[in-house]
Amino acid sequence: MNANRAEMGDELEIRLSRLGYELVQLEWGGGPSRPVIRLRVERADLDRPVSLDDCAAVSRGIEAWLDRDGRVPGSYVLEVSSPGLERPLTREGDFLRFRGRRIAVTGTGALRGRSARLEGRLLGLVEDDGGSASIRLRLQGGDEVDVPRSSVAAARLVHDWKAS
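Counting from 1, residues in each chain are numbered in the order their sequence is written. The predicted nature of this model means local features are confined to residues of pLDDT at least 70 and side-chain atom pairs, given and counted, to a pLDDT of 80 or more, with totals for whole chains, interfaces and linings taken over all residues. Based on all heavy atoms of the structure, the side-chain values leave hydrogens and waters out of the count.

Three labels apply to residues, based on accessible area from a 1.4 Å probe with only protein chains included: buried if under 20% of the type maximum, exposed if over 50%, partly exposed otherwise in between. To qualify as a helix, a DSSP run of H or I must reach at least 4 residues; to qualify as a strand, a run of E must reach at least 2; elements of each kind are numbered from the N terminus. Here strand β3 (residues 77–81) shows a clear split, with Leu78 and Val80 buried on one side and none of Val77, Glu79 and Ser81 buried on the other. The pairing of strand β2 (residues 34–43) with β3 spans 5 bridges and is parallel. Considered in β3, the bridge of Arg38 is made with Glu79. Once you follow β2 into helix α2 (residues 52–69) and on to β3, the crossover reads as right-handed. At least two bridges found by DSSP between two strands are what make those strands a pair. Viewed with both strands pointing away, a crossover whose connecting path from the first strand over the helix to the second turns clockwise is right-handed.

This is the structure we're talking about:
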């Protein structure tokens, strides 16, 4: 099953695209006899947020394929949701699209000699001479830091709950 996950992720993206959605995040959970597949999706045209009806449509379309495909046991659980207000940033395009927004980056260890979690304004992605990408942030005090993507465990938008 593990060897198939990357391949299945690619196929899920294709199938979601045909349904008019994009995959934001794919998570696998559960156990071998009852796997849990969690999909966070957004509308491909970004014309409106993902609704409950969108999630149901994606679920129906993906379940039909999973049932026919047979690589996932029949007792799987499929969870489909919107990315939410504090959506994860997973693709290169996310770091371009949300430039200027406040994000939180969590590292596999201390980031830039500071802490395992940094929060700041997303300035974009930068590449070093070797082609490795880093996330450029402007921290609260005005410092700009480049955090290598290889040391990032997760990145997500930070919603301003006071302004809501």
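With respect to the element layout, Asp54 can be found in helix α2. Taking relative accessible area as the criterion, Asp54 reaches 5% and is therefore assigned buried. Polar contact criterion, stated in full: a pair of N or O atoms within 3.5 Å, where within protein one must be able to donate a hydrogen and the other to accept it, and residues adjacent in sequence count only if both atoms are side-chain atoms. Here the side chain of Asp54 touches Arg43 through a polar contact of 3.3 Å, side chain to side chain. We call two residues contacting when some pair of their heavy atoms lies within 4.5 Å. Dropping the residues within four chain positions of it, Asp54 is found in contact with Tyr21, Arg43, Arg48 and Pro49.

Here we take up the sheet that holds strand β1 (residues 21–31). Overall, mixed pairing links the 3 strands, which are arranged β1-β2-β3 in an open sheet. Looking at which strands have only one partner, the edges of the open sheet turn out to be β1 and β3. Going from strand to strand, the sheet's axes swing by 20 degrees on average, the running direction of each strand aside. Taken together, the 10 bridges between β1 and β2 define a ladder with antiparallel strand orientation. With axes taken as lines fitted to C-alpha atoms, and helix axes fitted only over the stretch in contact, angles between N-to-C directions fall between 0 and 180 degrees.

A few words on unusual backbone geometry. Despite not being glycine, Leu46 has its phi angle at roughly 55 degrees, a positive value. When you line up the elements, Leu46 lands in the loop between β2 and α2. The exposure class of Leu46 is partly exposed, given its relative accessible area of 45%.

A sheet is described by the order of its strands in space; here 5 strands give the open sequence β7-β6-β5-β4-β8, paired in antiparallel fashion. In this open sheet, the two strands that pair with only one neighbour each are β7 (144–148) and β8 (152–157). Neighbouring strand axes in the sheet, compared pairwise and without regard to direction, differ in orientation by 45 degrees on average. Here 5 bridges tie strand β4 (residues 102–111) to β8, and the two strands are oriented antiparallel to one another.

The next thing to look at is a negative patch on the surface. On the surface, Glu92, Glu127, Asp128 and Asp129 cluster together into a negatively charged patch. Mapped onto the elements of the fold, Asp129 is located in the loop between β5 (115–127) and β6 (133–139). Within this analysis, patches are made of residues with over 30% relative accessible area and no salt bridge. Like charges are joined at 9 Å or less; nonpolar side chains (Val, Leu, Ile, Met, Phe, Trp, Tyr) at 5 Å or less. Here, Shrake-Rupley sampling with a 1.4 Å probe gives the accessible areas, and only protein chains in the shown set may cover a residue. Here, a salt bridge means any side-chain nitrogen of Lys or Arg that lies within 4 Å of a carboxyl oxygen of Asp or Glu. Charged-residue counts in this description rest on Lys and Arg as positive and Asp and Glu as negative, His and the chain ends being excluded. Every charge is mapped onto a representative atom, which is NZ of Lys, CZ of Arg, CG of Asp or CD of Glu.

Residues Leu39, Val41, Ile62, Leu66 and Leu78 are the most contacted members of the largest nonpolar core, which totals 19 residues. Secondary structure elements with two or more residues in this core: α1 (2–19), β1, β2, α2 and β3. Broken down by element, the residue count for this core peaks at 5 residues, all from α2. Buried Ala, Val, Leu, Ile, Met, Phe, Trp, Tyr and Cys residues form a nonpolar core when they are joined through side-chain atoms within 4.5 Å. Membership of the second largest hydrophobic core comes to 16 residues, among which are Ile103, Leu111, Val145 and Ala155.

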